[in-house]
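This is what each chain is made of:
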Amino acid sequence: MTITADQENQGPGQLRVVGTRAARHDAVDKVTGRAQFGADVYMAGLLHGKFLRSPYAHARIRSIDTRKAEALPGVKAVATAGDFPIVQKQPIEFAQSVRGSRITAEVILAHERVMYVGHAVAAVAATSFHIAEEAARLIEVDYEVLPAILSIEDALKEGAPFLHESMTTQFRVDRFGRGEDTGVKSNIADHIQLKSGDLEQGFREAEVTVEREFFTQTVHQGYIEPFSSTAYWAPDGHVTIWTTTQGIFNVRSSTAEIIGVPESMVKVIPMEVGGGFGGKGTFYLDPVAAVLSKKTGHPVKIVMTRKEVFEGTGPGSASHMRVKMGADRSGRITAAKFYLAYEAGAFPGSAVAGGATTGTGQYNIENFQIDGYDVVVNKQKAQGYRAPGQSQANFAIETVVDELAEKLGMDPLDLRLKNVVQEGDRMPSGVPYPRVGLKEIEEAMKAHPHYSAPLEGPNRGRGIAVAFRWQGGQGSPATINVNSNGTISLITGSVDLSGTRTTVAMQAAEVLGLSIDDVVSTVGDTDSVGVSGGTGGSRVTFDTGLAAIAAAEEVKRQMSARAAQLWELQPEDVEFRDGIFTCTKNPADRMTFKELARRLGSTGGLITCSVYAPTTGVGPIFAGNIVDVAVDLETGKVDILRFTSFIDAGRAVHPGFVEGQMQGSTAQGIGWALSEEFFYTENGTVANSSFLDYRMPTSSDLPMIDTVIIEVPNPRHPFGLRGVGEVAAVPPLAALANAIYRAAGIRVTRLPMSPGNILEALEEKSAQR
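Thresholds, definitions, all that
- Residues numbered from 1 in each chain as written.
- Predicted model: local features only at pLDDT ≥ 70, side-chain atom pairs only at ≥ 80, totals over all residues.
- Heavy atoms only, no water.
- Helix = DSSP H or I, 4+ residues; strand = E, 2+ residues; numbered from the N terminus.
- Rg over C-alpha atoms; globule rule 2.2 N^0.38 Å.
- Buried < 20%, exposed > 50% of the residue type's maximum accessible area, 1.4 Å probe, protein only.
- Contact = heavy atoms within 4.5 Å.
- Areas by Shrake-Rupley, 256 points an atom, 1.4 Å probe, with all protein chains shown as cover.
- Lys, Arg positive; Asp, Glu negative; His and termini not counted.
- Charge placed at Lys NZ, Arg CZ, Asp CG, Glu CD.
- Salt bridge = Lys/Arg side-chain N within 4 Å of Asp/Glu carboxyl O.
- Core = buried A, V, L, I, M, F, W, Y, C linked by side-chain atoms within 4.5 Å.
- Phe/Tyr/Trp six-rings, centres within 6.5 Å; stacked < 30°, edge-to-face > 60°.
- Lys NZ or Arg CZ within 6 Å of the ring centre and 35° of its normal.
- Axes fitted to C-alpha atoms, helices over the stretch in contact; angles between N-to-C directions.
- Left-handed = near helix turned anticlockwise from the far one by under 90°.
- Nonpolar A, V, L, I, M, F, W, Y, C, P; charged D, E, K, R; others polar.
- Expected span 1.5 Å × (residues − 1).
- Domains from an automatic or database assignment.
- Buried area = accessible area lost by both parts, 1.4 Å probe.
- Polar contact = N/O pair within 3.5 Å; in protein donor to acceptor, adjacent residues only side chain to side chain.
- Pairing = 2+ DSSP bridges.

1. Points about the overall build of the chain
Argument step 1. Across its full length, the chain carries 22 helices and 29 strands.
Argument step 2. Here the C-alpha atoms of the chain give a radius of gyration of 27 Å, agreeing with the 27 Å that 2.2 N^0.38 yields for 769 residues.
Argument step 3. Its C-alpha atoms give the chain principal-axis dimensions of roughly 85 × 75 × 50 Å.
Argument step 4. The buried share of the chain, taken over its 769 residues, is 60%.
Argument step 5. Taking the intrachain contacts of the chain between residues at least 6 apart in sequence as the baseline, contacts between residues at least 24 apart amount to 78%.
Argument step 6. Just so you have it, the chain exposes about 28600 Å², and 49% of that area is on carbon and sulfur atoms.
Argument step 7. Charge centroids of the chain, computed over 73 positive and 88 negative side chains, lie 1 Å from each other.

Structure, rendered in structure tokens:
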């Protein structure tokens, strides 16, 4: 269902295309198998690549002997980190910068040290995958095993060895600031601190306080398609890459720097993506495939196995958090203190800033202090996972808020409404909120039949949670070609993960008064479209939509001038509405968009309009959950009985797509909450590196997920829309924890809330009696 909060601006009669359930442009290709994914690339002379990976969590590479591998029939080349020009010329310097292509090169192929089990050491190109696999096993590496740090707790212990001797802690007071170098050597790469008001005074004003500690584990994004890339280094020096990625321009710029060529010499062609969820916002294969291609003179394709995906790519961070919150007798939250430490993996760059800047953002709290720490450990470098860093933080905050409500004897939604943020209140970062729809979400949750429905049966409970996400956005280009039959071709540079070719086309069609069937929407390569931000951060329908709108507006302007030329008028005498050009001086003179398009050839030629639209900032995004569970006290198994997801979409460009995003995000949140975790052995090996052993929920584990779309227009977008691709994944963790408490009487503060952990919590409760 959809609840529209502003009928005047968002009413169904105002828009003709936006808000409908149009068919996906890629639907037929996807369901018939015609769509081409990364592993589908084949060409003459194609070679196959395979990596050798480290068996140790931390070791120094004394030497690499590739002679046996190179002697194997069918092997054409072997590559190591020394083949990357960037490694040859740039030492790692953590004191000034812990980001960039030099670190990416170290992640792709280890240079002097391996930093986690599964860290790639060398790569082989051969005439078949099996020969390449055999050759990789023949590479001999002499390792000096070093002490490994496998947890946040070990990394922060007094006297713990430093993973990077030259790394010092950077202190920041905002999410994106470069920060101040403290000069302190440690395993903390970044410390971000946000604070406001008088924390001690806030706690003195509190009638009740709750203080708890939380732990979450490393989790996988769950994309079905493994990483794959094919590269061809042509004799003239041009490099072409066919790859599965969320950002073709990031692949182009970083690959060019790593392999030592100008960006103009690298062309990246995006293939269809079989799931990304933030995990494919980086890359692991492209520079290696390019170097192997240069060495052999042949195109080289590398496709990861599932085991390699688990061991060698970036998961979502494990975390350790502590929360203390207080509220007065009326339910006003008077103070909050929040400590977050996230695993970055072997190199800096966890999503702790995402958690720190959003965890308390759904509440108007005057006095708070938030400290987030980015901690390096000997595991895979962490990567984004749907609202990076925010699900963990929300789990901690929303559990504590629920307990505050219980101690005060308040309805948990009433407590949230008492402290709800609205326009003019400030985010944890200090930025004021524009118009937002959290109050409308919470009111809709309280009015929904699910919230008041009776719960019958033993050990059943109902939980709620709400969540805040903030997204800044990135600029995007768009090109529109007007065809002589009145259709348009729309070209953008944003990889389509979720139907965005369609949602962006819908916005262009709306501006031009066309049907969605009149728009052919494609994603270009890096040579055919301007630089575009990556696909992530719930930004494409918003940001690339802005570019499509701007290009469509320019088409309108130029076509109005052509109509004026035909009618021998000034362009300002032509009005355009609902796909029809009208002469304001003689309203009988009218032409549809398609009629005018047929006459463009005689008035100066067909029209092409290209624009680059800077982002206006996607802005704040909110969501909420109501969930019912049953807990089996003998086995610890949790069954979900009913789940309702709420979101403020601003304006649902395609309600069906919004519902799909909500349901998919919720399913991932449920997996994170109840069953998913990387299980590391004592030596740092991932013991459950397959989808058989890594327990993601299937359809049999889930109920039908009901959705409620709230529409409170976003003032930053012409059609009022907000990003919807991530925030619905945030509240399920806490909502389920709160439901389990009401069903079984236990506050589970360690994820996943698997049967084993549930039984352990029940035993602890029993022992305390």
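Further notes follow.
2. Digging into the pattern of salt bridges
Argument step 1. Taken as a whole and assessed by the stated rule, the structure comprises 43 salt bridges.
Argument step 2. In this structure, arginine 34 engages aspartate 29 in a salt bridge whose closest nitrogen and oxygen atoms are separated by 2.8 Å.
Argument step 3. Taking relative accessible area as the criterion, arginine 34 reaches 53% and is therefore assigned exposed.
Argument step 4. Three or more residues are tied together by salt bridges with common partners; here these are Arg24, Asp26, Lys30, Glu272, Asp496 and Arg501.

3. Overview of the nonpolar core
Argument step 1. Counting 86 residues, the largest nonpolar core has Met325, Ile740 and Met753 as the members making the most contacts within it.
Argument step 2. Not counting residues within four places of it along the chain, the set of residues in contact with methionine 325 comprises Phe203, Val208, Thr209, Val210, Ile333, Ala335, Ala336, Ile365, Ile397, Val400, Val401 and Leu404.
Argument step 3. Val107, Leu163, Val288 and Val377 belong to the second-largest nonpolar core, a separate cluster that totals 64 residues.

4. Here's the deal with the packing of aromatic side chains
Argument step 1. Taken as a whole, this structure holds 16 aromatic pairs when the rule is applied.
Argument step 2. Summarising the aromatic geometry, the rings of phenylalanine 227 and tyrosine 284 are spaced 5.0 Å apart at their centres and angled 85° between planes, so their arrangement reads as edge-to-face. Remark: tyrosine 284 occurs in the loop between β14 (266–270) and α10 (286–296) and phenylalanine 227 occurs in the loop between β11 (208–216) and β12 (228–233); sequence separation between them is 57 residues. When sorted by exposure, phenylalanine 227 lands in the same class as tyrosine 284, which is buried.
Argument step 3. Ring centres of phenylalanine 310 and tyrosine 694 lie 5.3 Å apart, and the angle between their planes is 55°; this geometry places the pair in the tilted category. With phenylalanine 310 in helix α11 (residues 306–312) and tyrosine 694 in the loop between α20 (655–674) and β29 (705–711), this pair connects stretches of sequence that are 384 residues apart. Each member of the pair, phenylalanine 310 together with tyrosine 694, is buried.
Argument step 4. In this structure an aromatic cluster arises from ring pairing among Phe310, Phe678, Tyr680, Phe691 and Tyr694.
Argument step 5. One Lys or Arg, arginine 747, reaches over the ring of tyrosine 741 and ends 3.8 Å from the middle of that ring.

5. Overview of the packing of helix α13 (residues 390–408) against helix α21 (residues 732–744)
Argument step 1. One can describe the packing of α13 onto α21 by two numbers: an axis separation of 7 Å at closest approach and a directional angle of 35°. As for how α13 packs across α21, the hand of that crossing is right-handed. Taken together, the residues of α21 that come into contact with α13 (itself represented by Ser391, Asn394, Phe395, Glu398, Thr399, Asp402 and Glu406) are Leu733, Ala734, Ala737, Asn738, Tyr741 and Arg742.
Argument step 2. Its residues placed into classes, the contact of α13 with α21 shows five nonpolar, four polar and four charged.

6. A closer look at helix α18 (residues 540–567)
Argument step 1. Here α18 spans 39 Å end to end across 28 residues, near enough to the 40 Å set by a 1.5 Å rise per residue.
Argument step 2. Among the 28 residues in α18, 20 count as buried, and that is most of the element.
Argument step 3. Directly beyond the C-terminal end of α18, a positive phi value near 60° is found at glutamate 568.

7. Notes on the domain arrangement of the chain
Argument step 1. Under the domain assignment used here, the chain contains domain 1 (38–147 + 245–263 + 273–302) and domain 2 (474–613).
Argument step 2. The centre of domain 1, based on its C-alpha atoms, is set 42 Å off from the matching centre of domain 2.
Argument step 3. In this assembly, seven residues from domain 1 lie in contact with 13 residues from domain 2.
Argument step 4. Here domain 1 and domain 2 share an interface that buries about 820 Å² over both sides, 67% of which is from carbon and sulfur atoms.
Argument step 5. Counting the surface domain 1 buries against domain 2, the share from its top three residues, Gln246, Ile248 and Phe249, is 68%.
Argument step 6. Applying the counting rule to domain 1 against domain 2 returns zero salt bridges.
Argument step 7. Inspection of the domain 1/domain 2 interface yields one residue pair in polar contact (both at pLDDT 80 or more).
Argument step 8. Taken together, the residues of the side of domain 1 that touches domain 2 sort by class into three nonpolar, three polar and one charged.

8. Some points on the environment of methionine 753
Argument step 1. The topology assignment puts methionine 753 in the loop between α21 and α22 (755–768).
Argument step 2. Sequence separation between methionine 753 and isoleucine 670 is 83 residues; the distance between their C-alpha atoms is 9.9 Å.
Argument step 3. Beyond its immediate stretch of four places on either side in the chain, methionine 753 contacts Val638, Ala673, Leu674, Leu733, Leu736, Ala737, Ile740, Val748 and Ile758.

9. So, the pairing of strand β6 (residues 120–126)
Argument step 1. Counted residue by residue, β6 has seven buried out of seven residues, so it is predominantly covered.
Argument step 2. Here six bridges tie strand β2 (residues 47–53) to β6, and the two strands are oriented antiparallel to one another. The residue bridging leucine 52 from the neighbouring strand is alanine 122, located in β6.
Argument step 3. Inspection of the sheet shows strand β4 (residues 75–80) paired to β6 by five bridges, in the antiparallel sense. Within β6, the position partnered with valine 78 by the bridge is valine 124.

10. Some words on the sheet that holds strand β28 (residues 638–648)
Argument step 1. Pairing is mixed across the open sheet formed by five strands, whose spatial order is β1-β29-β28-β27-β19. The two strands at the open ends of the sheet, each matched to only one other strand, are β1 (2–4) and β19 (460–471). On average, each strand axis in the sheet is tilted by 15° relative to the strand beside it, whichever way the strands run.
Argument step 2. Relative to β29, β28 runs parallel, the two sharing six bridges. Note on β29: the bridge partner recorded for isoleucine 647 is isoleucine 709.
Argument step 3. In the packing of α20 onto the sheet, contacts are made with β28 and β29, and the angle to β29 comes to roughly 125°.

11. Digging into the sheet that holds strand β25 (residues 590–592)
Argument step 1. The strand order across the open sheet formed by three strands is β23-β24-β25, and the pairing between neighbours is antiparallel. A strand with exactly one partner marks an edge of an open sheet, and here the two such strands are β23 (574–577) and β25. Going from strand to strand, the sheet's axes swing by 20° on average, the running direction of each strand aside.
Argument step 2. Bridge count for β23 against strand β24 (residues 580–583) is four bridges, and the pairing is antiparallel.

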